[in-house]
Amino acid sequence: MAEYTHTLLITGGAGFIGSHVVRRMVNLYPQYRIVNLDALTYAGNLENLRDLESAPNYSFVKADITDAAAMEELFAREKFDGVIHLAAESHVDRSISNPIEFVMTNVVGTVVLLNAFKAHGNTKTGRFYHVSTDEVYGTLGDEGKFTESTPYDPNSPYSASKASSDHFVRAYHETFKVPVVISNCSNNYGSHQFPEKLIPLMIRNIQQCKPLPVYGKGDNIRDWLWVEDHASAIDAIYHGGRLGETYNIGGNNEWKNLDLVHKLCEIMDRKLGRKPGESAEQITFVTDRAGHDFRYAIDASKLENELGWSPSVAFDQGFEKTIDWYLENQVWLENVTSGNYQEYYAAMYANR
Ligand code: NAD
Ligand code: TYD
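Residues numbered from 1 in each chain as written. Chains lettered and ligands numbered in written order. Predicted model: local features only at pLDDT ≥ 70, side-chain atom pairs only at ≥ 80, totals over all residues. Heavy atoms only, no water.

Focus: the sheet that holds strand E3 (residues 58-62)
Right, so step 1: One open sheet holds the 7 strands; their spatial order is E3-E2-E1-E4-E5-E6-E10, and the pairing between them is parallel. Looking at which strands have only one partner, the edges of the open sheet turn out to be E3 and strand E10 (246-249). On average, each strand axis in the sheet is tilted by 20° relative to the strand beside it, whichever way the strands run.
Right, so step 2: With 6 bridges connecting them, strand E1 (residues 6-11) and strand E2 (residues 32-38) associate as parallel partners. Pairing of Ile-10 across the sheet is with Asn-36, part of E2. (Pairing = 2+ DSSP bridges. Helix = DSSP H or I, 4+ residues; strand = E, 2+ residues; numbered from the N terminus. Axes fitted to C-alpha atoms, helices over the stretch in contact; angles between N-to-C directions.)

Observations concerning the site of ligand 1
Right, so step 1: Close contacts around ligand 1 come from 28 residues, with Ile-17, Asp-38, Ser-90, Tyr-158 and Lys-162 the closest.
Right, so step 2: One of the backbone nitrogen or oxygen atoms of Ile-17 is found 2.8 Å away from an oxygen atom of ligand 1.
Right, so step 3: One nitrogen or oxygen atom from the side chain of Ser-90 is found 2.6 Å from an oxygen atom belonging to ligand 1.
Right, so step 4: Within the complex, the protein chains bury 96% of what would otherwise be the 830 Å² of accessible surface of ligand 1.
Right, so step 5: Taken together, the elements giving at least two residues each to the shell around ligand 1 come down to helix H1 (16-28), strand E5 (127-133), helix H5 (157-176) and strand E7 (187-189).
Right, so step 6: Of all the elements, E5 adds the most residues to the shell around ligand 1, at 3 residues. (Near = heavy atom within 4 Å. Polar contact = N/O pair within 3.5 Å; in protein donor to acceptor, adjacent residues only side chain to side chain. Areas by Shrake-Rupley, 256 points an atom, 1.4 Å probe, with all protein chains shown as cover.)

Re the sheet that holds strand E9 (residues 221-226)
Right, so step 1: Spatially, 3 strands are ordered E7-E9-E11 in an open sheet, and the strand pairing comes out mixed. Strand pairing shows two members of the sheet lacking a second neighbour, E7 and strand E11 (254-256), which therefore form its edges. Geometrically, the sheet is characterised by an average inter-axis angle of 50° between neighbouring strands, direction not taken into account.
Right, so step 2: Examined bridge by bridge, E7 and E9 share 3 bridges and lie parallel to one another. Each bridged residue has a counterpart across the sheet, and for Asn-188 the counterpart in E9 is Leu-225.

Following this line, the structure appears as structure tokens:
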């Protein structure tokens, strides 16, 4: 049997970002034993990790992070050196429809994991790394960027739940001396993202000649980061981030939603052999999201200065690759939209 130097738990590893983090860690750290824990909600899909199934240093556990007894038992058995915690309810629109689910998974689930790590984890030389979002800082106007000292000001039930979980992580560091680190990242794009989020939803709708639902006037601005660059930042922070600290992660790549959708339409016209402007005819302005944050932008200089991280992929290149992935993975797209997706879509968009 191989001798492993480190036992790492990754939660939410069957989701969008989690699958990229798991793949990176399993491939780059064969000396680590990596356990991926995921409840396989609508957003979690083991198809995302088929290529890793035979990796000797990888295993999967289906479990719910809110199940305190199961977490206690797992942590007591495995004695994890570290945790990278990504499991969450992650979609703002769903949080508006059902806030309680976000409190349960994002707040209660995080505290359950903190308790289990505090009781059984390697709190001497290991760490609990909490992956969070820039949405905890609220919204920006036309100017400025979020820094690590921007006051928390969450506006959606999703961001309120993530802000609360961040505070618990910080509190466990102060009160119980649990070694923690937190990062807050901007919007990710890339392969394997569930098509409730802007980019994969629009790709699918363009292909299927359905309306492209742009909220409000499409003036809201997001900063987009290639998901594998987020995974590389998580790797750098897991290994080198200072305990008790927060690191902002961003792509320095702001896009107005409408401009992004137009860019996507142009590329899709080319790839689908449509005439220029054809896909953009599908753009439909729909009722705005309640409490819609206007702008997110990140100052990632702390991460760049301390750990030498910067995004590796230019947006044009990453965006093109992302679109190609969805076009080449129609079976994946069909599979993830075959369950209750139609019901979700009808409830979210029918009367907008
Ligand atoms: P996702 O919705 O694609 O995946 C979430 C994963 O968590 C799924 O595999 C799901 O099955 C699992 N999960 C949900 N509830 C669970 C529970 N109770 N127990 C165990 N597993 C559970 O989300 P994502 O976009 O990959 O985001 C991952 C993390 O990164 C989240 O914490 C999110 O807040 C954060 N984040 C996301 C973005 C983004 O742009 N998507 C940006 C910054 C931070
Ligand atoms: P989303 O991908 O849901 O991420 P977040 O809300 O966490 O930033 O949405 C990105 C932006 O796109 C956000 O400003 C809302 C907008 N949006 C639309 O205009 N139409 C849509 O159908 C969706 C899902 C999002």
